[in-house]
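Chains, contacts and geometry: an overview
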Amino acid sequence: MVNNQFFEEFTEKVRQKPIPWEGYSRAGLISSEELQQLKAFQKQLAEKQEPGTEQQQQQSLAGHVGLVVSLTEKLSSIDALQYLLVVLDDVVELDAGAVRELGQGILEGGAVERALFRCMEKRDDYLGLKASKILVGIAVSCSEEQFAFGRMFGFLEKCMRSELTSVVDVALQVVQSALRVARARKVLYAEAPGCLSQMVDVLKRTVSRTQAAAGGRGVVAVSQTQYEVVFCLWLLTFGRSEAVTLDRRYDVVPTLVEIARGAVKEKVVRVIVATWANMAQHAAAIPGLLVARVPACLETLRVGRNFKDEDLKQMVAELSEVLGEHSGVMTSWDEYKNQLKSGRLEWSGWHRSEQFWKMHAAKMDEQDHQIVRQLAKVLGDPESTATSQAVACHDLSQYVKCNPEGKRFVSRIGAKQRVMELMTTSDSAEVKYEALMCVQQMMLNAWRN
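Residues numbered from 1 in each chain as written. Predicted model: local features only at pLDDT ≥ 70, side-chain atom pairs only at ≥ 80, totals over all residues. Heavy atoms only, no water.

Where the model shows low pLDDT, its predicted coordinates should not be examined in detail. For the protein, the mean per-residue pLDDT works out to 87, and 92% of the residues sit at or above 70. No element of the protein has a lower mean pLDDT than helix H4 (residues 54–58), at 51, and none a higher one than helix H17 (residues 266–280), at 96. The low-confidence segment residues 211–219 (pLDDT under 50) makes 22 contacts with residues lying over four places distant or belonging to another chain. (pLDDT = per-residue confidence, 0-100. Helix = DSSP H or I, 4+ residues; strand = E, 2+ residues; numbered from the N terminus. Contact = heavy atoms within 4.5 Å.)

Below, the structure written as structure tokens:
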């Protein structure tokens, strides 16, 4: 589940480090009975890990998990806790019966969760990541739906902010493993947006690192980090709501386009194209793909790359065909409407073109002022970027300039009030400026009228 050289080497050091169990017993930290049980467990675990007879391999460790969990809950020494989690992880990987025992403990909300979440609260990255790995291993093996994924994602979010590249890498791999459970995907998207946002931030930093050839904060080998994060995004897009709103919330498709154009590893391109294919199954997600120039990127991949993976070639061709049906020969007005549908407005030649607004301002009143309502929605959406809000203010000012009667409708739907609020409440100087220009245009029309 986790493949990280530093993590594995540190695990071996923990495994070899002597722990003064007898000293703990003499100090009264553990009982003599617990000491004897621990020695018996260590012996049985060693036998199970060695190539042995079928009878030895069938000996269950389930009877010992309670002891290990109990010691993990009561001891405070980081060295001892690290060792206990290492052997508990061994048990999870070796013994299905022991995993079921641990899964039952999680279901009952008892010592298992308490002990492992306690380890996440310690100021030790390895300890917390090992506890997370164990919890995910149990949840995946037992299809555990009651597990507190949100709490674990909160811890992993902090790990992804680390300056240590190995910590970020292991945290990403643990999230990737957790998302094999359907409920974990729902929790990550709906209840742990900070963790998902941090994952996207890690992904975007890989692009910066590739371009600048500089040491990235919290980034491991670029292609592997990209693959791990995009794999998680791919899993999320199997949900309809996630596929439709992922790009609107996190502005991730343009980043995926940039990565796909420059990626050397075919597995990175494959998982990106698979993510887009999932999104393209939903009509509401297609405008975002078109606005981000995904069709052009796919054409570049089709013509400019000779992929060894035949399935990838087919995926690129099929997705190009699907998106081609929606793009066709698009006018500037069609592209503008797609921008609005995507919820992500960006500056382009149309917005600054006086001729564009003279030609199309009247169309904004069609279908019960649908375009104007969409601009108002961008202004009021807390997930809108500052650039989107600035562009929306500008576009409303152009609409009012070319259609003075539209000012009344802008006021009636609350858009004018929202623009006035942005003049004072926005943190963006660009938004404040465009909001001011929009209000001035409305006041100018009122004076002329």
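This brings us to the packing of aromatic side chains. Following the criterion strictly, the structure yields 15 aromatic pairs and no others. Geometrically, the ring pair formed by phenylalanine 356 and tryptophan 357 is edge-to-face, given 5.2 Å between the ring centres and 85° between the ring planes. On the basis of relative accessible area, phenylalanine 356 is assigned to the buried category, the value being 5%. Between lysine 267 and the ring centre of tyrosine 227, over which it is positioned, the NZ or CZ distance is 4.7 Å. (Phe/Tyr/Trp six-rings, centres within 6.5 Å; stacked < 30°, edge-to-face > 60°. Buried < 20%, exposed > 50% of the residue type's maximum accessible area, 1.4 Å probe, protein only. Lys NZ or Arg CZ within 6 Å of the ring centre and 35° of its normal.)

Here we take up the pattern of salt bridges. Side chains that differ in sign of charge can pair as their charged atoms come close. Under the defined criterion, the tally for this structure stands at 26 salt bridges. The partner of arginine 114 in a salt bridge is glutamate 73, and the shortest N-O contact between them spans 2.7 Å. Linking arginine 114 in helix H8 (residues 111–121) with glutamate 73 in helix H5 (residues 65–74), this pair joins segments that are 41 residues apart in sequence. For glutamate 73, a relative accessible area of 27% translates into the label partly exposed. A cluster of three or more residues bridged by salt bridges with shared partners is formed by Asp89, Glu93, Lys130 and Lys133. (Salt bridge = Lys/Arg side-chain N within 4 Å of Asp/Glu carboxyl O.)

Among the secondary structure elements, phenylalanine 356 is positioned in helix H23 (residues 354–360). If we skip the residues at most four places from it in the chain, phenylalanine 356 touches Ser332, Trp333, Tyr336 and Trp350.

This next bit is on the packing of helix H16 (residues 253–262) against helix H19 (residues 294–304). Relative to each other, H16 and H19 sit at 15°, their axes nearing to 10 Å. Considering their axes alone, H16 and H19 lie roughly parallel with respect to each other. When you trace H16 past H19, the crossing you get is left-handed. Across the interface between the two elements, Val253, Val257, Ala260 and Arg261 of H16 pack against Val294, Ala296, Cys297, Thr300 and Leu301 of H19. Looking at the contact of H16 with H19 residue by residue, the class counts come to seven nonpolar, one polar and one charged. (Axes fitted to C-alpha atoms, helices over the stretch in contact; angles between N-to-C directions. Parallel < 35°, antiparallel > 145°, perpendicular 65-115°, else oblique. Left-handed = near helix turned anticlockwise from the far one by under 90°. Nonpolar A, V, L, I, M, F, W, Y, C, P; charged D, E, K, R; others polar.)

Turning our eyes to something else, we now look at the side chain of glutamine 441. Tracing the sequence through the fold places glutamine 441 in helix H28 (residues 429–448). Setting aside its immediate chain neighbours within four residues, glutamine 441 contacts Ser397, Val400 and Lys401.

So, about the packing of H5 against helix H6 (residues 78–94). Running from N to C, H5 and H6 cross one another at 155°; their axes reach a closest spacing of 10 Å. When the axis of H5 is compared with that of H6, the two are roughly antiparallel. With respect to the hand of their crossing, H5 and H6 are arranged in left-handed fashion. Mapping the contact onto sequence places Val65, Val68, Leu71 and Thr72 in H5 and Leu81, Leu84, Leu85, Val87, Leu88 and Val91 in H6. In the contact of H5 with H6, the residues fall into nine nonpolar, one polar and no charged.

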